[in-house]
Amino acid sequence: GNSVTQMEGPVTLSEEAFLTINCTYTATGYPSLFWYVQYPGEGLQLLLKATKADDKGSNKGFEATYRKETTSFHLEKGSVQVSDSAVYFCALSDQGYSTLTFGKGTMLLVSP
Amino acid sequence: ETGVTQSPTHLIKTRGQQVTLRCSSQSGHNTVSWYQQALGQGPQFIFQYYREEENGRGNFPPRFSGLQFPNYSSELNVNALELDDSALYLCASSLETGGSYNEQFFGPGTRLTVL
């Protein structure tokens, strides 16, 4: 079956530090890959996505590249802000089937 | 455009009781998916409804059931509640057009506590 593995948190950074959150996946076929963000007390928001190998998703300074050879989709940001503090979820969807398989989430805490 | 809404926000029940959670999909969407998010875990897919029919189900027992109405809103029903059912229940709506993935838009969730 499908699965997503993320690095465990919390990840604690100072403002303007570089962020990497690792994500690897197992899936049959060619899934679409996503990063979702969950701010305290809120639902999930789509942060970025990539639908095929070598695609790069980007949004709000965050980037992730779909690496089929390493089955990875690591999230990066060059300079984090306090407002980026949230829980980040990596997820995949099988092609043609619009449901999501999520990782366990990684909490990011950014201090001033 | 109205986003996905869920009710109630919070709910406390006791073991053995039954609960109904509600979701209004985003305007123009025809599909609703439900997810269970236990504390400290990622959301897990419960089931999906498309045009009032169940269109896929995750690894959840039959006491988890659902409905979708002609206006595409949806209910999640859980019978014989167990302590492990305590979780945040998320509803997501999408416009399914067939073929590739269609983005799901999530509601804020209902926090269910089973005592």
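Whatever comes next refers back to the structure up there.
As the structure is a computational prediction, the values presented were derived from the model and not from experiment. (Residues numbered from 1 in each chain as written. Chains lettered and ligands numbered in written order. Predicted model: local features only at pLDDT ≥ 70, side-chain atom pairs only at ≥ 80, totals over all residues. Heavy atoms only, no water.)

Considering the overall build of chain B
- Looking only at helices and strands, chain B has 0 helices and 11 strands in total.
- Scanning chain B from its N terminus toward the C terminus, one meets helices and strands in the order β-β-β-β-β-β-β-β-β-β-β.
- Relative to the 2.2 N^0.38 estimate, which gives 13 Å for 115 residues, the radius of gyration of chain B is 13 Å and therefore close to what a compact globule would have.
- Expressed along its principal axes, the backbone C-alpha trace of chain B runs to roughly 40 × 30 × 25 Å.
- Across chain B, every contact between residues at least 6 apart in sequence was considered, and the portion connecting residues at least 24 apart equals 53%.
- As displayed, chain B offers around 5500 Å² of accessible surface, 48% of which is attributable to carbon and sulfur atoms.
- On chain B, the mean spot of the 7 positive side-chain charges and the mean spot of the 10 negative ones are 9 Å from each other. (Helix = DSSP H or I, 4+ residues; strand = E, 2+ residues; numbered from the N terminus. Rg over C-alpha atoms; globule rule 2.2 N^0.38 Å. Contact = heavy atoms within 4.5 Å. Areas by Shrake-Rupley, 256 points an atom, 1.4 Å probe, with all protein chains shown as cover. Lys, Arg positive; Asp, Glu negative; His and termini not counted. Charge placed at Lys NZ, Arg CZ, Asp CG, Glu CD.)

What to know about the interface of chain A and chain B
- Across the boundary between the two partners, chain A contributes 18 residues, which contact 24 residues of chain B.
- Between chain A and chain B we count 2 residue pairs in polar contact (both at pLDDT 80 or more) in total.
- For the side of chain A that touches chain B, the secondary-structure elements that each account for two or more residues are β5 (32-38), β6 (44-50) and β10 (86-93) of chain A.
- In the side of chain A that touches chain B, the residues fall into 8 nonpolar, 8 polar and 2 charged. (Polar contact = N/O pair within 3.5 Å; in protein donor to acceptor, adjacent residues only side chain to side chain. Nonpolar A, V, L, I, M, F, W, Y, C, P; charged D, E, K, R; others polar.)

Remarks on the sheet that holds strand β1 (residues 5-7) of chain B
Residues and elements named next belong to chain B.
- If you trace the 4 strands from one edge of the open sheet to the other, you get β1-β3-β8-β7, paired in antiparallel fashion. Only two strands of the sheet have a single neighbouring strand rather than two, namely β1 and β7 (64-68). On average, adjacent strands in this sheet sit at an angle of 20° to one another, irrespective of strand direction.
- As paired elements, β7 and strand β8 (residues 74-78) share 5 bridges and run antiparallel to each other. Across the sheet, F64 pairs through a bridge with V78, a residue of β8. (Pairing = 2+ DSSP bridges. Axes fitted to C-alpha atoms, helices over the stretch in contact; angles between N-to-C directions.)

Concerning the environment of G109(B)
Residue and element names in this part refer to chain B.
- Mapped onto the fold, G109 is located in the loop between β10 (105-106) and β11 (110-114).
- Since its relative accessible area comes to 6%, G109 is described here as buried.
- Placed 75 residues apart in sequence, G109 and W34 show a C-alpha to C-alpha distance of 9.8 Å.
- Setting aside chain neighbours within four positions, we find G109 in contact with Q6, P8, T9, L88, Y89 and L90. (Buried < 20%, exposed > 50% of the residue type's maximum accessible area, 1.4 Å probe, protein only.)

As for the pairing of β8(B)
Residue and element names in this part refer to chain B.
- The buried fraction of β8 is high, at 5 of 5 residues.
- Here β8 shows two buried faces, one formed by S74, L76 and V78 and the other by E75 and N77.
- Strand direction decides the pairing type here: strand β3 (residues 19-24) and β8, joined by 5 bridges, are antiparallel. Across the sheet, residue C23 finds its bridge partner in β8, namely S74.
- Counting the residues that bridge the hairpin from β7 to β8 gives 5 residues, and of these Y72 lies at a positive phi of roughly 75°.

Quick look at the nonpolar core
- L19(A), W35(A), L48(A), F73(A), L75(A) and Y88(A) are the most contacted members of the largest nonpolar core, which totals 25 residues.
- For this core, the secondary structure elements donating two or more residues are β2 (11-14), β3 (19-21), β4 (23-26), β5, β6, β8 (62-65), β10 and β12 (106-111) of chain A.
- Core analysis: the next-biggest nonpolar cluster, separate from the first, contains 20 residues, L11(B), F64(B), A87(B) and V114(B) among them. (Core = buried A, V, L, I, M, F, W, Y, C linked by side-chain atoms within 4.5 Å.)

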